[in-house]
Amino acid sequence: MTQNEDQVAGLLLAAGGGRRLGGRPKALLEHRGRPLVEHAVGVLRAAGLGRVHVVLGARADTVRERAELTGCVVVENPEWERGMGSSLRAGLDSLAGTGARAVLVSLVDQPGIGAEAVARVLAACRSEDSLVSAAYDGVRGHPVLFGAAHWAGIAESATGDRGARAYLKAHADAVVLVECGDAAEPYDIDTEADLVHLE
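Enquirer: Looking at this structure, I do not really get the overall build of the protein chain. What am I missing?
Expert: From N to C terminus, the protein chain includes six helices and nine strands. Its C-alpha atoms give the protein chain a radius of gyration of 15 Å, near enough to 16 Å, the size a compact globule of 199 residues would have. Expressed along its principal axes, the backbone C-alpha trace of the protein chain runs to roughly 40 × 35 × 30 Å. In the protein chain, which comprises 199 residues, the proportion classed as buried is 51%. A total accessible area of about 9,000 Å² is found for the protein chain, and carbon and sulfur atoms account for 47% of it.

Enquirer: I'm lost on the environment of A124 in this one. Help?
Expert: By the secondary structure assignment, A124 is in the loop between α4 (115-123) and β7 (131-136). Since its relative accessible area comes to 15%, A124 is described here as buried. C-alpha of A124 to C-alpha of L145: the two residues are 21 residues apart in sequence and 8.9 Å apart in space.

Enquirer: So what exactly am I meant to see when it comes to the nonpolar core here?
Expert: Ranked by size, the top nonpolar core spans 42 residues in total, and within it L12, A14, V37, L49, V54, L104 and L145 carry the most contacts. Listed by contribution, the elements that provide at least two residues to this core are β1 (8-14), α1 (36-46), β4 (52-56), α2 (60-66), β6 (102-107), α4 and β7. For this core, the element with the highest residue contribution is α1, accounting for six residues. The contacts of V54, once residues within four sequence positions are left out, are L12, A14, V37, V41, C72, V73, V74 and V75. Formed by 24 residues, the second largest nonpolar core is a distinct cluster that contains A9, V75, L88 and A100.

Enquirer: Is there a simple way to think about α1 in this case?
Expert: In an α-helix, one full turn covers 3.6 residues, which means residues spaced three or four apart are oriented alike. Counting buried positions along α1 gives eight out of 11 residues, so the element sits mostly inside the fold. For α1, the full list of buried residues reads L36, V37, E38, H39, A40, V41, V43 and L44. Remark: G48 follows α1 within two positions and exhibits a positive phi of approximately 105°.

Enquirer: What is the right way to read the sheet that holds β1 from this model?
Expert: Neighbouring strands of a sheet are bound in pairs by backbone hydrogen bonds; such pairs are parallel or else antiparallel. With respect to topology, seven strands assemble into an open sheet ordered β5-β4-β1-β6-β8-β7-β9, the strand pairing being mixed. Two strands close off the open sheet at either side, each with one partner strand: β5 (73-76) and β9 (176-179). If you compare each strand with its neighbour and ignore which way they point, the axes differ by 25° on average. Taken together, the five bridges between β1 and β4 define a ladder with parallel strand orientation. Counted as the bridge partner of L12 is V54 from β4. Sheet strands touched by helix α3 (residues 84-94): β1, β4, β5, β6 and β8 (139-147). Its angle to β1, the strand with the most contacts, is close to 150°.

Enquirer: I keep staring at the pattern of salt bridges and nothing clicks. Help me out?
Expert: Any two side chains of opposite charge can pair, given that their charged atoms come close. One pass over the full model with this rule turns up 11 salt bridges. Across the pair D109 and K26 runs a salt bridge, and its minimum N-O distance is 2.7 Å. Of this pair, D109 sits in the loop between β6 and α4 while K26 sits in the loop between β1 and β2 (30-31), placing them 83 residues apart in sequence. This pair shows no difference in class: D109 is buried, exactly as K26 is. In this structure, the salt-bridge partner of E116 is R120, at a minimum N-O distance of 2.7 Å. With a gap of four residues between them, E116 and R120 both fall in helix α4, about one helical turn apart. The partly exposed category is assigned to R120, whose relative accessible area is 23%.

About the cut-offs
Residues numbered from 1 in each chain as written. Predicted model: local features only at pLDDT ≥ 70, side-chain atom pairs only at ≥ 80, totals over all residues. Heavy atoms only, no water. Helix = DSSP H or I, 4+ residues; strand = E, 2+ residues; numbered from the N terminus. Rg over C-alpha atoms; globule rule 2.2 N^0.38 Å. Buried < 20%, exposed > 50% of the residue type's maximum accessible area, 1.4 Å probe, protein only. Areas by Shrake-Rupley, 256 points an atom, 1.4 Å probe, with all protein chains shown as cover. Core = buried A, V, L, I, M, F, W, Y, C linked by side-chain atoms within 4.5 Å. Contact = heavy atoms within 4.5 Å. Pairing = 2+ DSSP bridges. Axes fitted to C-alpha atoms, helices over the stretch in contact; angles between N-to-C directions. Salt bridge = Lys/Arg side-chain N within 4 Å of Asp/Glu carboxyl O.

Okay, structure coming up:
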């Protein structure tokens, strides 16, 4: 697939309420002086993604006020409390009719994953049938890329906090793993202890 930047969209899931962080939405956590959601959008853009959709949920109005999201398609997920699956579905729905043939999905709470890892996963996209995942020492992680042929199946199986996990497991033979362990650290910002990773 030629790397026409409009053919692959970036999808950033940033709706979580940070339940284990005392109810602080992850999108609003500060990293290098700016909201984490803004940092995550910058990573996708630096990797060459021109079209970026951002799914917001918890305190979406405040996130819009504080974060510089110009040029992004902002999608509000009213069902964000039901888990990541609902945000993934909302994001995939927002891509209908855009002409995108694949989507690269990243999570707002993984600032250790930078543009190099994203670009590697992006480069492995071949067609609308592609399923690509970053791997860390051989273990599947994020970001992940789904060709459009898989979107309906992923949306159907995305429930609770599972996102696309069940779908990827069922189609494990088709998933291309791209090793990124030398280029990124896949930690999550989930608890107070994880805040040490933010600068």
